[in-house]
Amino acid sequence: MPLTGEYEPSPTDFVRQQVADYERTGGREGGTIMDLPVVILTSRGAKSGKIRKAPVMRVEHDGQYAVVASKAGAPDHPGWYHNLIAHPMVELQDGPDRYDYDVVELSGPEREEWWARCVQAFPQYAEYAEKTDRTIPVLLLTRA
C-alpha cells in the first residue's frame, strides 16, 4: 500500500527540484548525482508524520536495494534515516517503477557484504566513512 498523507518537500532547493524532475519524467531527468544513478526514497517523517522524499544513490542487487545513511561523512545521520527507523515501510521509485519496501538496518557480515556493493556503486562512500567516527548505517529494502 503506497504511503499516503501530506507531502512536505525538502527545504533544500536542489533536492526539491531533483525529486520533482525525477517524478515528473520517470527518472529521465534528475536521475543522477555525480553522473551516477539515483532512486527516490519516500518515507514518513519520524516526528511530523508527513511524507518526505529524497534522492539516494541506486544500489540494487537481486531486486533488493540498499540505502546508505552517509550524509557525506557528517558526524550525524541524515534526517531520512530516523524516518526509516521510526517507520520501516517506504516507497522506492527506480525510474518509472514504484514499489513498497520493508526496511531493516544491517549489521555484521550482511552489512559488510552490502557495504561493498554500496562502495562499488558510489565509491565516495569509502571516503565518507573515513571522515566520520560513526559507523555509517546501511539499510536493506526488500519488496513488501
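Just above sits the structure.
Position numbers for residues start from 1 in each chain and track the written sequence from start to end. Selection of residues for local features in this predicted model requires a pLDDT of at least 70, selection of side-chain atom pairs for listing and counting requires 80 or more, and totals for whole chains, interfaces and linings are taken over all residues. Values reported for side chains reflect all heavy atoms of the structure, with hydrogen atoms and water molecules removed beforehand.

**Things to note about the overall build of the chain**
Stage number 1. When you go through the chain residue by residue, the secondary structure sums to four helices and eight strands.
Stage number 2. For the chain, the α and β elements follow one another from N to C terminus as α-β-β-β-β-β-α-β-β-α-α-β.
Stage number 3. Based on C-alpha atoms, the radius of gyration is set beside the globule rule, defined as 2.2 Å times the residue count to the power 0.38. Rg of the C-alpha trace for the chain: 14 Å, near the compact-globule value of 15 Å for 144 residues, within the 12% margin.
Stage number 4. Exposure classes here rest on a 1.4 Å probe applied to the protein chains alone. A residue is buried below 20% of its type maximum, exposed above 50%, and partly exposed in between. A burial count over the chain gives 44% of its 144 residues as buried.
Stage number 5. Contacts are residue-level and defined by heavy atoms, with any inter-residue pair within 4.5 Å sufficient. Intrachain contacts of the chain at a sequence separation of at least 6 include 63% that bridge at least 24 residues.
Stage number 6. Charge counting treats Lys and Arg as positive and Asp and Glu as negative, with His and both chain ends excluded. Charge placement uses NZ in Lys and CZ in Arg. For Asp and Glu, CG and CD serve respectively. Here the chain holds 16 positive side-chain charges and 22 negative ones, and the gap between their average locations is 6 Å. Numbering of helices and strands runs from the N terminus, with a helix taken as a DSSP run of H or I at least four residues long and a strand as a DSSP run of E at least two residues long.

**Some details on the nonpolar core**
Stage number 1. Residues belong to one nonpolar core when they are buried, are Ala, Val, Leu, Ile, Met, Phe, Trp, Tyr or Cys, and are joined through side-chain atoms within 4.5 Å. Of all hydrophobic cores here, the largest spans 35 residues; its most connected members are Leu41, Trp80, Leu84, Tyr125 and Leu141.
Stage number 2. Once you skip the residues sitting within four places of it in the chain, Leu141 turns out to touch Leu41, Gln64, Tyr65, Val67, Val90, Leu92, Tyr101, Asp102 and Val103.

**Some words on the pairing of strand β2 (residues 36-44)**
Stage number 1. We treat two strands as partners when DSSP finds at least two bridges between them. Two strands pair when backbone bridges link them, and strand β1 (residues 32-33) and β2 are joined in this way by two bridges, in the antiparallel orientation. In the strand pairing of β2, Ile33 is matched with Leu36.
Stage number 2. Hairpin connection, β1 to β2: the antiparallel pair is bridged by two residues, and Met34 has positive phi, about 55°.
Stage number 3. Direction of pairing for β2 relative to strand β3 (residues 51-57): antiparallel, over a ladder of seven bridges. Paired with Ser43 across the bridge in β3 is Arg52.
Stage number 4. As paired elements, β2 and strand β6 (residues 89-94) share three bridges and run antiparallel to each other. When the sheet's bridge partners are listed, Leu41 is paired in β6 with Leu92.

**A short note on helix α1 (residues 13-25)**
Stage number 1. If you check α1, its first and last C-alpha atoms are 18 Å apart, about what 13 residues at 1.5 Å a residue would give, namely 18 Å.
Stage number 2. Taken together, the buried positions of α1 are Val15, Gln18, Val19, Asp21, Tyr22 and Thr25. Considered in projection along α1, the buried side chains sweep an arc of 165° and stay on one side of the axis. Seen from the buried face of α1, the exposed residues on the opposite side, beyond 90 degrees, are Asp13 and Arg24.
Stage number 3. On its buried face, α1 sits against β1, β2, β3 and β6.
Stage number 4. The positive-phi residue at the C-terminal boundary of α1 is Gly26, with phi of around 65°. Helices are assigned an expected span. That span is 1.5 Å times one less than the residue count. By arc we mean the arc of the directions from the helix axis to the C-beta atoms, nothing more.

**Overview of unusual backbone geometry**
For residues other than glycine, phi is negative in most cases, and the peptide bonds are mostly trans.
Stage number 1. At Asp35, a position not held by glycine, the phi torsion is positive, near 65°.
Stage number 2. Inspection of the secondary structure assignment puts Asp35 in the loop between β1 and β2.
Stage number 3. For Asp35, a relative accessible area of 72% puts it in the exposed group.
Stage number 4. Even without a glycine there, the phi angle at Lys71 is positive, about 45°.
Stage number 5. Along the chain, Lys71 turns up in the loop between β5 (64-68) and α2 (79-86).

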